[in-house]
Every structure is written in C-alpha cells, then in structure tokens.
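Here are the chains, one letter per residue:
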Amino acid sequence: MFLKVQLPWNVIIPAECLDAKGLMLQRQIIIHLLEAFSSKKATQELGYFLAVTTLENIGEGKVRQHTGDVLFPVVFSCLTFKLYRGEILNGVVHKVLKHGVFLRCGPVENIYMSCQKMPDYRYVPGENPLFMNEKMSKIEKDVVVHCIVMGTKWIEAEREFQALVSLEGDYLGPVSDEASLH
C-alpha cells in the first residue's frame, strides 16, 4: 500500500531565481522540486505520489542554452500509495447504487464493490439507499468497509487508478462504530 522509493528528477531553476548563496539555491531547488512533484499526481508503476521525505543528492547544474535557466539533476526519496491485488483495505463508502457501492481509500477515488461481491447483503432502496444483511449490518454512505482488492486498472488520461473490491473472505465487511472507538 505505502511504498518508499528513491527517484531521479530534473529540476529547472529560472535564471531570475538564481542566487550566488548556496542556501538560497538549495531552497529554490526544493521549492521547484515540490511544485513539479505535486503536479505529477501518479504513475502506473509507483502509484500516487504523497510526500517528498528526503533530498538525497543535488547534481551539478547545467545551463540551458537559449533560456539561461539551470537544470539540476536531483535524487530524492518519497512516499507513494498503490493498491495491489489481494491486499486488504479500509474504504469509505461515498455512493450507493442498486448494483453496488463506490468507495474511497486515500487518494484512490474510484473503488467499486459490486452487489455480487457482497454475499448475504441485499439492496434497500429509499432516500438513503443501503445494503443490509440478516444480522442488520449496513453498508451505506460514510461507512468504513474492510474489503479485499480483486484488481486495479490504470487510467492514463486521468493519471489515476480504479479498483474492484470484494467482501468475499474472512473478517471482511463494515467496520462497526463500537470497534473503531476501542
């Protein structure tokens, strides 16, 4: 789920931001790295980029001919978030439909659980639709559900993942309010 990875990156510092003082240059490199990093969002291999943890190395700057900007190769460590098949996760229900529910987990917005993957639960229509089983356990909006990842799909155009999850397995289902308080 969470990965710590080391990445090479090229940071471009505009000529007007350059300063002879070393600390100011390092500050500019960090600022531009964080701006570029935050706009990247995710990759298929590493998942969602969450945070830069350490700046490992700043290479020698190379002046770009036509602009005067300086390109610095850097190496940094960061945290990423990626779902894997077979992984158990806690998702929060944000939409209930007749044929299943959509959940969120961390930066992943599109996690779908089909009603066919919710054994013993049946759809209850109404103003606030939900799924309920014979033991009165409910899956409804804002409920945390412990589920297993069946598969993931990378959507290149959106730079995000979609996932399919299931309740088929031991100890899976809605997390009770009482359990979360202890």
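The present account deals with the structure reproduced in this document. (Residues numbered from 1 in each chain as written. Predicted model: local features only at pLDDT ≥ 70, side-chain atom pairs only at ≥ 80, totals over all residues. Heavy atoms only, no water.)

1. Remarks on the overall build of the chain
Looking only at helices and strands, one finds 2 helices and 14 strands in the chain. Its C-alpha atoms give the chain principal-axis dimensions of roughly 70 × 35 × 30 Å. Expressed as a percentage of the 182 residues in the chain, the buried residues total 36%. Put simply, 59% of the contacts in the chain that link residues at least 6 apart link residues at least 24 apart. (Helix = DSSP H or I, 4+ residues; strand = E, 2+ residues; numbered from the N terminus. Buried < 20%, exposed > 50% of the residue type's maximum accessible area, 1.4 Å probe, protein only. Contact = heavy atoms within 4.5 Å.)

2. Here we look at the sheet that holds strand E10 (residues 130-132)
What the 3 strands build is an open sheet, ordered E9-E10-E11; its pairing is antiparallel. The open sheet has two edge strands, strand E9 (122-124) and strand E11 (138-139), and neither has a second partner. Strand direction decides the pairing type here: E9 and E10, joined by 3 bridges, are antiparallel. The residue of E10 that forms the bridge with tyrosine 123 is phenylalanine 131. (Pairing = 2+ DSSP bridges.)

3. Focus: the pattern of salt bridges
One pass over the structure, following the stated rule, counts 4 salt bridges. Close ionic contact of lysine 117 with glutamate 168 constitutes a salt bridge, the shortest N to O distance being 3.3 Å. One end of the pair, lysine 117, is in the loop between strand E8 (108-114) and E9; the other, glutamate 168, is in the loop between strand E13 (160-166) and strand E14 (173-174), and 51 residues separate them in sequence. Here arginine 159 and glutamate 156 are joined by a salt bridge, their closest N and O atoms 2.8 Å apart. A residue is classified by how much of its surface remains accessible, and arginine 159, at 24% relative accessible area, is partly exposed. In this structure glutamate 156 comes out as partly exposed when scored by relative accessible area, which is 47%. (Salt bridge = Lys/Arg side-chain N within 4 Å of Asp/Glu carboxyl O.)

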